[in-house]
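Each chain is listed here by its residues.
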Amino acid sequence: MSKGPQRIRGTQDIWGEEADRFHAVTAVFDRVRRLYAFQRVEIPVFEDTQVFARSIGETTDVVSKEMYTFEDKGGDSITLRPEFTAGLCRAYLSEGWQQHAPLKLATWGPVFRYERPQKGRYRQFHQLDAEIIGTDAPAADVELLVLADQLLNELGIGAKEDGGITLQLNTLGDAATREAWRAALVAHFEAHRGDLSEDSLARLDKNPLRILDSKDPRDRPIADSAPDIDAFLTAEASDFFAAVTAGLDAAGVAWTRNARLVRGLDYYRHTAFEFVTDRLGAQGTVLAGGRYDGLVESLGGPHTPAIGWAAGIERLAMMIETPLKTRLGVAVVPVGAEYESYARTVLTRLRAKGARADMAFRGNLKRRMTRADADGAFLVAIVGGDEVANRTVTIREMATGRQEVAAVDDLQWVAEAAQQAVEMYEEGMGDTLNDIPLLGDDKR
RNA sequence: GCGAUCGUAGCUCAGCUGGUUAGAGCAUCGGUUUGUGGUACCGAGGGUCGCGGGUUCAAGUCCCGUCGAUCGCCCCA
């Protein structure tokens, strides 16, 4: 290991295949969110600390011990975003986006939490995020869930794969429901106070709902015998949940009711959901969210119903199949250094015509050919004394060894053949040029 | 923040109960082949064994601390 500065704990340097995986996830998300007409938005990585403290809740672990908070040179308290939702709601208020409500928004990027790192869990990690702000229609809940379902399916890890992901769904009811249920739960847990784990005793004061999904065996019987929310649902809350599940069924999205699924953050109402896998150990939640009708108000805005979800990009990237290695259309290879400027002309023309082309910065012919092969080049454009004299380029098809001569003023067909090969490869239609009419039928 | 396991070359690992100059595969670079890559063969470089301290005649190997990774808890994507 070399000396010098080291990576900060819980951060990552993403490179090579890992970077390809990361990009594959964001690329699919960007395509799918367009299908659903979600607008891409960009918001700051840091905000006034109050944005998170007021919306997430001062007493939560996220705010009280996991935020990267610091004072800037002007003396203001700044926090690196631990999630997207609060910042999006702040923007919704401060930028006057209310006039466009309801808004369907999508974004992704780094978020920060000071936590103990584990596999798939970092201090700077990355999330996909989708929100619908400004409507209390259950159809919005459905819309958001169907988006998530299609995203996971297109990533190849959806519920339809065996051992894939399951959508767990619950309702937390409206404010009246939640209050009544919470009171009943507290009464129930108080009655069994002596048998609860230490963790759950602490939860009893801070966040009694969380006892429901405790993993401690001492808590399980008590949690399992706790009253269900269903008995406390108001007619409105019950109708809302029915409308959501009916919409999911109509869209063909598989779901299971998990009456023990709750949210840690205070602003959630009605729909709560998690897409869960058994493949990632304790980090099994891959995408989660819910309706947060109280959040915008807690930021000082008008009552604004909204719903959203977030998904950890690192966790999704670990689950998808290995993406295809990126391959080069054309590698330009000068026979010697004296032909490099001519080669540069060829390279520039190929790129201008849309070919994915590259040229090593230095090296002899053999070295550059080896490099072309390592880069997965479909074609190599060789230039040396003969080519310069004749204003031509020798095009070699790497898979077959066939060669053709192209005029330097007529490289269009070379660029097209290279791009065709790249595209056919990336669409999974064969990875050798034997399958591809690369060198033009008339030239064979 | 709590408990546990681990930390040897760029990567994956070997190194038995402490004992001569720390090994392998892959990768990298060079050669066989100075206008032609993949395969094969030959060769080379690369490690203060995470870091610091201790025990011992002797530490990669034992002990303590520290940093990091991993697993579980907490919390959460």
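Residues numbered from 1 in each chain as written. Chains lettered and ligands numbered in written order. Predicted model: local features only at pLDDT ≥ 70, side-chain atom pairs only at ≥ 80, totals over all residues. Heavy atoms only, no water.

### Describing the side chain of Ser200
Now for step 1: With respect to the helices and strands, the residue Ser200 is situated in helix α7 (residues 198–206).
Now for step 2: Looking at Ser200, its side chain comes within polar contact range of the side chain of Asp219, at 2.7 Å. (Helix = DSSP H or I, 4+ residues; strand = E, 2+ residues; numbered from the N terminus. Polar contact = N/O pair within 3.5 Å; in protein donor to acceptor, adjacent residues only side chain to side chain.)

### Examining the packing of helix α2 (residues 49–56) against helix α4 (residues 85–94)
Now for step 1: For the pair α2 and α4, the least separation of the axes is 9 Å and the interaxial angle reads 110°. Here α4 runs roughly perpendicular to α2, going by the angle between their axes. Note on element contacts: α4 touches α2 through Ala86, Gly87 and Arg90, opposite Val51, Phe52 and Ser55.
Now for step 2: Residues belonging to the contact of α2 with α4 are distributed by class as follows: 3 nonpolar, 2 polar and 1 charged. (Axes fitted to C-alpha atoms, helices over the stretch in contact; angles between N-to-C directions. Parallel < 35°, antiparallel > 145°, perpendicular 65-115°, else oblique. Contact = heavy atoms within 4.5 Å. Nonpolar A, V, L, I, M, F, W, Y, C, P; charged D, E, K, R; others polar.)

### Regarding the protein's contact with RNA strand B
Now for step 1: Around RNA strand B there are 49 residues in total, and Arg113, Arg116, Lys119, Arg203 and Met398 lie nearest to it.
Now for step 2: A share of 56% is what sugar and phosphate atoms reach among the atoms of RNA strand B within 4 Å of the protein.
Now for step 3: Contact distances for RNA strand B include 3.1 Å between a sugar or linking oxygen and a side-chain N or O atom of Gln127.
Now for step 4: Side-chain polar atom of Glu387 to a base nitrogen of RNA strand B: 2.8 Å apart, as the coordinates give it.
Now for step 5: Listing elements by their share of the surface near RNA strand B, those giving two or more residues are β6 (124–133), α7, β10 (285–291), β11 (306–312), α13 (365–374), α14 (385–390) and β15 (392–397).
Now for step 6: Counting residues per element, the surface near RNA strand B draws most heavily on α13, at 6 residues.
Now for step 7: Across the surface near RNA strand B, the residue classes tally to 15 nonpolar, 14 polar and 20 charged. (Near = heavy atom within 4 Å.)

### Here we look at the pairing of β15
Now for step 1: By the criterion of burial, β15 is predominantly enclosed, with 5 of the 6 residues buried.
Now for step 2: Pairing of strand β14 (residues 379–383) with β15 involves 4 bridges; the strand directions are antiparallel. Across the sheet, Val380 pairs through a bridge with Arg396, a residue of β15.
Now for step 3: In the sheet, β15 pairs with strand β16 (residues 403–407) via 5 bridges, with the strands oriented antiparallel. The partner of Thr392 across the bridge, within β16, is Ala407.
Now for step 4: The hairpin formed by β15 and β16 contains 5 residues between the paired strands, and Gly401 there has a positive phi angle of roughly 80°. (Buried < 20%, exposed > 50% of the residue type's maximum accessible area, 1.4 Å probe, protein only. Pairing = 2+ DSSP bridges.)

### Remarks on the sheet that holds strand β4 (residues 77–80)
Now for step 1: Spatially, 3 strands are ordered β2-β4-β3 in an open sheet, and the strand pairing comes out antiparallel. This sheet does not close on itself; its edge strands, each paired only once, are β2 (46–48) and β3 (68–71). Neighbouring strand axes in the sheet, compared pairwise and without regard to direction, differ in orientation by 30° on average.
Now for step 2: As defined by bridge partners, β3 adjoins β4 across 4 bridges and the pair is classed as antiparallel. The residue bridging Glu71 from the neighbouring strand is Ser77, located in β4.
Now for step 3: The strands touched by α2 within the sheet are β2, β3 and β4, with β2 carrying the most contacts at an inclination of about 75°.

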